[in-house]
2 protein chains.
Amino acid sequence: MAAWARAVRGLLLDVSGVLYDSGGDGGVPIAGSVEAVRRIKASGLKLRFCTNETQATREKFVKKLQGMGFDISVAEVTAPAPAACRILKERSLRPHLLVHNDLVPEFAEIDKANPNCIVIGDAAENFTYANLNEAFRVLIGMEKPVLISLGRGRYYKETDGLKLDVGAYMKALEYACDVQAEVVGKPAKMFFESALAEMGVPPQQAIMIGDDIVNDVGGAQRCGMRALQVRTGKYRPCDENHPHVKPDAYVNNLAEAVDIILQQL
Amino acid sequence: MAAWARAVRGLLLDVSGVLYDSGGDGGVPIAGSVEAVRRIKASGLKLRFCTNETQATREKFVKKLQGMGFDISVAEVTAPAPAACRILKERSLRPHLLVHNDLVPEFAEIDKANPNCIVIGDAAENFTYANLNEAFRVLIGMEKPVLISLGRGRYYKETDGLKLDVGAYMKALEYACDVQAEVVGKPAKMFFESALAEMGVPPQQAIMIGDDIVNDVGGAQRCGMRALQVRTGKYRPCDENHPHVKPDAYVNNLAEAVDIILQQL
């Protein structure tokens with residue numbers, strides 16, 4: 001019946017819009033998702049949470065999810081900030097940060113004096129006119145401008161409505177300085193590959209489950225994985241007519257995906 | 001000697017960065033520019049001020065320039081907001097405005113109820129996180145999103161430093177909603193053509209003088225005009241190596257351009 005669900009050894013789950021809907025109040029779990037994560041773990045499948053979340057440290061993010069009842073630990077999360085820190089160290093880059101206040105501790109060990117690159121994340125309320133002008137001035141003042149973006153999402157859904165994501169602000173700086181950002185996080189191939197390596201599962205035996213047709217589904221498929229789009233979170237019916245990306249399947253929510261996958265084991 | 005300066009009947013002048021440097025304090029005239037405008041008018045050349053300024057109504061903008069000593073009137077100014085109003089009326093578009101407070105009166109006669117397009121200008125301090133999210137939500141909620149941008153400048157210089165211009169925020173909304181903005185103002189061909197028509201001078205007999213290599217120089221040249229870049233305002237030495245646009249000449253400032261042009265009359 002569901003050919004796409006066969007021969008699976010590992011699952012990668014996007015978090016916001018799949019496990020829960022975020023919001024100013026912290027967010028609410030999506031019906032059936034807490035139980036679905038428990039069932040995946042009980043099944044023996046490998047599991048990795050693969051998120052572009054950059055509004056908080058992984059510690060704080062995981063604590064919030066645990067508070068909603070999810071069985072999740074920091075060690076199971078692949079997120080952009082630690083990946084960016086590895087790149088900064090390797091290339092001796094000293095960032096000017098345009099990120100959420102709660103993400104700053106992830107960069108505690110990074111030298112930030114006399115910056116020679118910009119790191120932009122989903123800064124939310126920190127995306128002020130003054131902060132954007134400041135990041136722009138630092139970037140255009142560099143001999144060789146380097147812009148590192150924690151994801152390239154267009155928008156996401158919070159309980160009080162859609163919000164512009166980091167990708168929109170990345171585009172603004174790219175255009176103003178005539179540079180191309182280096183994206184860390186989904187849909188970057190290297191990001192998915194490190195999540196697969198952490199699970200020890202080859203792409204052919206892994207399924208990505210997300211609500212973002214481009215960053216979750218398209219990105220995972222380009223790495224050789226199967227990918228499902230859930231009809232929760234930022235999903236919109238017009239995603240099903242996307243000109244370039246076609247998921248291996250649509251599911252109403254994570255619980256339905258897990259039902260089908262576990263039936264095939 | 002200066003072949004580019006021959007057979008001229010009309011001049012189009014960019015304003016910010018050519019006549020004056022803008023700033024929170026209102027701005028300061030660029031040395032020699034007040035006198036240069038007087039000399040153009042005394043020479044009998046046709047003259048048009050061609051600006052992408054959208055931080056104020058033309059009335060207020062002209063008053064500021066008059067206060068600095070410039071001989072200028074509202075009737076001599078070609079600016080994006082009135083051009084946008086013509087388009088809105090022709091196409092029965094009702095805008096949600098993301099513009100500077102001081103520009104709002106230019107849209108006084110336009111129906112803004114139940115918006116079916118976004119008009120974005122250089123909103124400056126109005127480019128808040130909340131206002132950008134609101135414009136985004138209105139735009140993505142439209143069946144057929146229409147984004148009208150008053151210019152596509154990347155940045156400009158104020159007395160306290162470089163600032164992101166409307167083009168950067170236009171790109172953010174374009175990317176988030178997967179739409180292409182319609183640009184009103186420089187470098188749109190129609191905008192230069194209406195300035196030429198208002199002067200009654202064909203492009204072959206007109207020279208554009210500006211500090212923006214792409215929007216002033218490139219835009220005017222694409223209309224068949226000659227174009228000079230001044231080394232004032234947002235001019236940067238690297239502009240002289242621009243990959244696509246080569247001005248007919250560089251001049252140190254407006255006064256020098258006028259010296260050379262008047263010698264050829």
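For the structure, see preceding data.
Chains are numbered independently. Their residues run from 1 in the order of the written sequence. The order in which chains are written sets their letters, starting at A; the order in which ligands are written sets their numbers, starting at 1. Since the coordinates come from a predicted model, pLDDT governs what is reported: local features require at least 70, and pairs of side-chain atoms require 80 or more to be given and counted, while whole-chain, interface and lining totals use all residues. Excluded from the side-chain calculation are hydrogens and water; included are all heavy atoms of the structure.

A. Inspection of the overall build of chain A at higher detail. Numbering of helices and strands starts at the N terminus; helices are DSSP runs of H or I of at least 4 residues and strands are runs of E of at least 2. In terms of regular secondary structure, chain A is built from eight helices and 14 strands. In summary, chain A has a C-alpha radius of gyration of 18 Å against a globular reference of 18 Å for 265 residues, a match within 12%. Structurally, chain A occupies a C-alpha span of about 60 × 35 × 35 Å along its principal axes. Residue contacts follow a heavy-atom distance rule, with two residues in contact if any of their heavy atoms lie within 4.5 Å. Pairs at least 24 apart in sequence give 65% of the contacts found in chain A among residues at least 6 apart. As displayed, chain A has an accessible area near 10700 Å², and 49% of this comes from carbon and sulfur atoms. Residues scored as charged are limited to Lys and Arg (positive) and Asp and Glu (negative), so that His and the chain ends carry no count. To locate a charge, take atom NZ for lysine, CZ for arginine, CG for aspartate or CD for glutamate. Averaging the locations of the 31 positively and 33 negatively charged side chains of chain A gives two centres separated by 4 Å. C-alpha atoms define the radius of gyration in this analysis, and the globule rule sets the expected value at 2.2 Å times the number of residues to the power 0.38. Here the Shrake-Rupley method, with its probe set to 1.4 Å, supplies the accessible areas, and only the displayed protein chains count as covering residues.

B. Inspection of the packing of aromatic side chains at higher detail. Between the rings of Phe, Tyr and Trp (Trp by its six-membered ring), a pair exists once the centres lie within 6.5 Å; its type follows the angle of the planes, with under 30 degrees stacked, over 60 edge-to-face, and the other angles tilted. Overall, the coordinates contain four aromatic pairs over all chains when judged by the stated rule. Their ring planes at 40° and their centres at 5.3 Å tell us that Tyr155(A) and Phe136(B) sit as a pair that is tilted. Placement of Tyr155(A) in strand β9 (residues 155-158) and of Phe136(B) in helix α4 (residues 129-140) is noted, with the two residues assigned to different chains. Look at Phe127(B) and Tyr169(B): their rings are 3.7 Å apart centre to centre, the planes differ by 10°, and that puts the pair in the stacked class. Remark: Tyr169(B) occurs in helix α5 (residues 166-177) and Phe127(B) occurs in the loop between β7 (117-120) and α4; sequence separation between them is 42 residues. Neither Phe127(B) nor Tyr169(B) differs from the other in exposure class; each is buried. Exposure is judged per residue with a 1.4 Å probe applied to protein chains only, and the accessible area is read against the type maximum: over 50% gives exposed, under 20% gives buried, and values in between give partly exposed.

C. Region of interest: the pattern of salt bridges. All names here are of chain A. Salt bridges, as used here, are contacts in which a Lys or Arg side-chain nitrogen is within 4 Å of a carboxyl oxygen on Asp or Glu. This model, assessed by the stated rule, comprises 32 salt bridges over all chains. Put simply, glutamate 174 and lysine 171 hold a salt bridge, and the shortest N to O gap is 3.4 Å. Of this pair, glutamate 174 and lysine 171 both sit in helix α5 (residues 166-177), three residues apart, which is roughly one turn of that helix. Note that aspartate 212 and lysine 234 form a salt bridge whose closest N and O atoms lie 2.8 Å from each other. Within this pair, whereas aspartate 212 is found in the loop between β12 (206-210) and α7 (213-222), its partner lysine 234 is found in the loop between β13 (226-230) and β14 (249-251), the two being separated by 22 residues in sequence. Ionic contacts of the salt-bridge type, sharing partners, join the residues Asp14, Lys186 and Asp216 into one network.

D. The arrangement of the relation of the copies chain B and chain A in detail. Least squares is used to superpose the copies, and the fit set is the C-alpha atoms of residues whose pLDDT is at least 70 in both copies. Overlay of chain B on chain A (RMSD 0.0 Å): rotation 180°, translation along the axis 0.0 Å. Taken together, these values place the two copies in the relation of a two-fold axis. In this assembly, 100% of the residues forming the interface of chain B have copies in chain A that are likewise at the interface, indicating an isologous arrangement.

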